[in-house]
Amino acid sequence: MIQGKKVVFVANCILNQNMRARGVKKSGSGAVKEVVDEFLKSGIGIVQIPCPEFGYEGLHRFACGKKKYDVPDYRKICDEIAGHVLEEMEAYRTSGVQVLGVLGLNGSPSCAVDFCSLGGGKWGNEPGIFIEELKRKLGSRGMKQPLVGANVMRMNQTIVKIRLDMLKRQENRKPSEH
């Protein structure tokens, strides 16, 4: 592997909060600066994951829960995006670039890693649909990849998780996991 070449895959709405659904709390406009700064100061490239909700409902959509999106047509969109993400990860790896992980957005019905909105004001300690499809595809290919859930309302915790689960782990990974 070529030293210093590293990337992380990041949920679309962390890099572009204008993509988030109407009615969702945001930490500002544009990118979540703390996340972008953390990766840039570490010399890590950022790959933006396409937003599956945009592909399903477009830009002007209202916040909803996982139950609304848990339908075959939406899962198909998530499965296709997950496939493209894995192809891109493999292309980076074969080119000597270390893939550090995926940063999802907790609370999202699609890109949550740890907890998501189920709809109707209910929350579940489960991943969003896109992350479920990504995990399934990673598992089917025998790939291991850290998945970290960002919480834009608790950025200090998110930065600690990024440092522990992505940046520190990279030093301890076997070559087959890169």
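What counts and what doesn't
- Residues numbered from 1 in each chain as written.
- Predicted model: local features only at pLDDT ≥ 70, side-chain atom pairs only at ≥ 80, totals over all residues.
- Heavy atoms only, no water.
- Helix = DSSP H or I, 4+ residues; strand = E, 2+ residues; numbered from the N terminus.
- Buried < 20%, exposed > 50% of the residue type's maximum accessible area, 1.4 Å probe, protein only.
- Contact = heavy atoms within 4.5 Å.
- Areas by Shrake-Rupley, 256 points an atom, 1.4 Å probe, with all protein chains shown as cover.
- Pairing = 2+ DSSP bridges.
- Axes fitted to C-alpha atoms, helices over the stretch in contact; angles between N-to-C directions.
- Parallel < 35°, antiparallel > 145°, perpendicular 65-115°, else oblique.
- Left-handed = near helix turned anticlockwise from the far one by under 90°.
- Nonpolar A, V, L, I, M, F, W, Y, C, P; charged D, E, K, R; others polar.
- Expected span 1.5 Å × (residues − 1).
- Core = buried A, V, L, I, M, F, W, Y, C linked by side-chain atoms within 4.5 Å.
- Phe/Tyr/Trp six-rings, centres within 6.5 Å; stacked < 30°, edge-to-face > 60°.
- Disulfide = S-S within 2.5 Å.
- pLDDT = per-residue confidence, 0-100.

With that settled, consider the overall build of the protein chain. For the protein chain, the helix and strand inventory stands at seven helices and six strands. When the helices and strands of the protein chain are read in sequence order from the N terminus, they spell out β-α-α-β-α-α-α-β-β-β-α-β-α. Expressed as a percentage of its 178 residues, the buried residues of the protein chain come to 50%. Long-range pairs, those at least 24 residues apart, make up 68% of the contacts in the protein chain between residues at least 6 apart in sequence. Here the protein chain has roughly 9,000 Å² of accessible surface; of this, 51% comes from carbon and sulfur atoms.

Moving on: the sheet that holds strand S6 (residues 147-150). Overall, parallel pairing links the four strands, which are arranged S2-S1-S3-S6 in an open sheet. Looking along the sheet, the strands with just one partner apiece sit at the ends: strand S2 (45-49) and S6. Each neighbouring strand pair of the sheet contributes to a mean axis angle of 25°, computed without reference to strand direction. Taken together, the four bridges between strand S3 (residues 98-105) and S6 define a ladder with parallel strand orientation.

What follows is about the packing of helix H2 (residues 33-41) against helix H7 (residues 155-167). To characterise two packed helices, one gives the angle between the axes of the helices and the distance between these axes. For the pair H2 and H7, interaxial distance at closest approach is 10 Å and the crossing angle is 30°. Compared by their axis directions, H2 and H7 come out roughly parallel. The crossing of H2 and H7 is right-handed. In contact with Glu34, Val35, Glu38, Phe39 and Lys41 of H2, H7 contributes Met155, Thr158, Ile159, Ile162, Arg163, Met166 and Leu167. Of the residues that constitute the contact of H2 with H7, the class distribution is seven nonpolar, one polar and four charged.

This paragraph deals with helix H6 (residues 129-140). With 12 residues, H6 extends 17 Å between its outermost C-alpha atoms, agreeing within 8% with the 16 Å of an ideal straight helix rising 1.5 Å per residue. Listed as buried for H6 are Ile129, Phe130, Ile131, Glu133, Leu134, Lys137 and Leu138. Contacts from the buried residues of H6 go to S2, helix H3 (52-57), helix H4 (66-69), helix H5 (72-94), S3 and S6. After H6 finishes, the residue Gly142 shows a positive phi value of roughly 65°.

Next up on the list: the nonpolar core. Counting residues in hydrophobic clusters, the biggest one holds 48 residues, and the most contacted among them are Phe9, Ile14, Phe39, Met89, Leu103, Phe130 and Leu134. Ranked by residue count, the leading element in this core is H5, at eight residues. Aside from chain neighbours lying at most four places away, what touches Met89 is Phe9, Val99, Val102, Leu138, Met143 and Gln145.

Looking now at the packing of H5 against H6. At a minimum axis separation of 8 Å, H5 and H6 run at an interaxial angle of 50°. Taken as axis vectors, H5 and H6 run oblique relative to one another. Two packed elements cross with a definite hand, and for H5 against H6 that hand is right-handed. Contacts from Tyr74, Arg75, Cys78, Asp79, Ile81, Ala82, Gly83, Val85, Leu86 and Met89 in H5 reach Ile129, Phe130, Glu132, Glu133, Leu134, Arg136, Lys137 and Leu138 in H6. Classifying every residue of the contact of H5 with H6 by side-chain character gives 11 nonpolar, one polar and six charged.

Before going further, it helps to spend a moment on the packing of aromatic side chains. In the structure shown here, the tally under the stated rule is three aromatic pairs. Here the aromatic rings of Phe9 and Tyr92 are separated by 6.2 Å at their centres, their planes lie at 80°, and the arrangement is edge-to-face. Pair noted here: Phe9 is in strand S1 (residues 6-11) and Tyr92 is in helix H5, with a separation of 83 residues, a long-range link.

Next up on the list: the state of the cysteines. Inspection of every chain in the model, using the stated rule, returns zero disulfides. Just so you know, Cys13 is unpaired, no disulfide at all, and the nearest cysteine sulfur is the one on Cys111, 6.1 Å from it. Judged by its relative accessible area of 14%, Cys13 falls in the buried class.

Let us look at the confidence of the model for the protein chain. Across the protein chain, the average pLDDT comes to 83, with 82% of residues at 70 or higher. Note that pLDDT drops below 50 for residues 174-178; the model gives that stretch eight contacts with residues more than four away or on any other chain.

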